Amino acid sequence: MKSITSRDNPFFKQLIKLEDSARQRRATGLTLLDGIHLITAYHLALGPPKTLIVSESGCKNMEIKRLLAERGGDVDVVVLSDVLLREASPVKMPTGIMALISIPPAAVMPVRGDGGSESFYVLLEAIQDPGNLGSILRSAAATGACDVYLSEGCADAWSPKTLRAAMGAHFLLRIHERSDLVEAAKKFGGKVIAMTLKAKKSLYQTRLTGPLAFVFGNEGAGLSDAVLQVSGEQATIPMPGGTESLNAAAAAAVCFFERVRQTQMGI
């Protein structure tokens, strides 16, 4: 194990930049995971991370010691002082262990969807909040989606905040960032449904079985005209309580699980 105690160390400076900058993550193809759950999920899906980073106190934690014993044999391990790890960690209460990973291209991700590589897509336009984006990815993975396309203007899918919100969903999906949603919709071989408050048809009146792509837009602006025009159908979620709209992540979860219900019932 290599020990780092100085803020001037180049590796520590790299961690700070990766935690703070989407541009740095894109330029290097690297990002950070915080916590045993995310590190384990990555390892199971894609193999060992590039480096494990552990705090001095984390080295004494039984769960971390077990993870290092089970998965640390083929990985470089760096020990940071507790102060430095707190500065580098993307969370306010660090768990004591982080991992430096390569951001996997969508093409290398295994298909783990609900029956085929073209069965269930999610298209997201200008979803700007990383917490919302991560929650949508988590629901998408839970309900069998295989591909998620993100337009320009979406939050960084591989930011530490999005990764934490998704809780490992990244490693069960093929995530296509900075995508042309119009082209993605045109190439999709199934039904494309745009979710919009302006639709007259309810989600619950819409058949959601078979190959399907849901399209969701920014909570404030909704979907662009270009994306609406290439969507074969439009639907809305009825809200008898009188609120104006749902949080984007909540709306997506409603749609995804209604699809699961219809599929399991053979509607």
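In the block above lies the structure referred to throughout.
Quick look at the structure, then. Since the model is a prediction, treat every value here as computed from it, not as a measurement.

### A short note on helix α10 (residues 248-265)
Inference 1: Across its 18 residues, α10 extends 26 Å between first and last C-alpha, which sits within 8% of the 26 Å expected from 1.5 Å per residue.
Inference 2: Of all the positions in α10, only Ala248, Ala249, Ala251, Ala252, Ala253, Cys255, Phe256, Glu258, Arg259 and Gln262 are classed as buried.
Inference 3: Each element contacted by the buried residues of α10 is listed here: β6 (120-124), α6 (130-142), β9 (191-195) and β10 (212-216).
Inference 4: Positioned one or two residues after α10, glycine 266 has a phi angle of 70°, which is positive.

### Considering the pairing of β9
Inference 1: Counting buried positions along β9 yields four of five residues, so the element is predominantly enclosed.
Inference 2: By the bridge criterion, four bridges tie β9 to β10 in an arrangement that is parallel. Looking at the pairing, lysine 191 lines up with leucine 212 of β10.
Inference 3: With three bridges connecting them, β9 and strand β11 (residues 233-235) associate as parallel partners. Pairing of alanine 194 across the sheet is with glutamine 234, part of β11.

### Comments concerning the pattern of salt bridges
Inference 1: In total, this model carries seven salt bridges according to the counting rule given.
Inference 2: Residue arginine 174 is joined to aspartate 147 by a salt bridge in which the shortest nitrogen-to-oxygen separation is 2.5 Å. One end of the pair, arginine 174, is in strand β8 (residues 174-179); the other, aspartate 147, is in strand β7 (residues 147-151), and 27 residues separate them in sequence. Taken as a pair, arginine 174 and aspartate 147 share a single burial class, namely buried.
Inference 3: Each of Lys191, Lys201 and Glu233 takes part in one network of salt bridges that share partners.

### Overview of the sheet that holds β9
Inference 1: The strand order across the open sheet formed by six strands is β8-β7-β6-β10-β9-β11, and the pairing between neighbours is parallel. The open sheet has two edge strands with one neighbour each: β8 and β11. Averaged over all neighbouring strand pairs, the angle between strand axes comes to 20°, with direction disregarded.
Inference 2: Both β6 and β7 contribute to a ladder of four bridges, which runs parallel. Its bridge partner being in β7, leucine 124 is matched across the sheet by leucine 150.
Inference 3: Sitting on the sheet, α10 is in contact with β6, β9 and β10, with an inclination near 165° to β10.

### Some thoughts on the layout of surface pockets
Inference 1: Taken as a whole, the largest pocket encloses approximately 460 Å³ of empty space.
Inference 2: Around the largest pocket sit 23 residues that line it, and Met195, Thr196, Leu197, Asn218 and Gly222 are the ones nearest its centre.
Inference 3: Broken down by secondary-structure element, the contributors of at least two residues to the lining of the largest pocket are α9 (225-230) and α10.
Inference 4: With three residues, α10 is the single largest residue contributor to the lining of the largest pocket.
Inference 5: The class makeup of the residues in the lining of the largest pocket is 13 nonpolar, seven polar and three charged.
Inference 6: The volume enclosed by the second largest pocket comes to roughly 310 Å³.
Inference 7: Together, 20 residues line the second largest pocket, and Arg26, Asp156, Trp158, Glu177 and Arg178 are the ones closest to its centre.

Procedures and definitions
Residues numbered from 1 in each chain as written. Predicted model: local features only at pLDDT ≥ 70, side-chain atom pairs only at ≥ 80, totals over all residues. Heavy atoms only, no water. Helix = DSSP H or I, 4+ residues; strand = E, 2+ residues; numbered from the N terminus. Expected span 1.5 Å × (residues − 1). Buried < 20%, exposed > 50% of the residue type's maximum accessible area, 1.4 Å probe, protein only. Contact = heavy atoms within 4.5 Å. Pairing = 2+ DSSP bridges. Salt bridge = Lys/Arg side-chain N within 4 Å of Asp/Glu carboxyl O. Axes fitted to C-alpha atoms, helices over the stretch in contact; angles between N-to-C directions. 1 Å grid on protein atoms, 1.4 Å probe; cavity = no way out; pocket = protein on both sides within 12 Å on 5 of 7 lines; lining within 4 Å. Points joined across faces, edges and corners; volume = space filled by probe spheres on them. Nonpolar A, V, L, I, M, F, W, Y, C, P; charged D, E, K, R; others polar.

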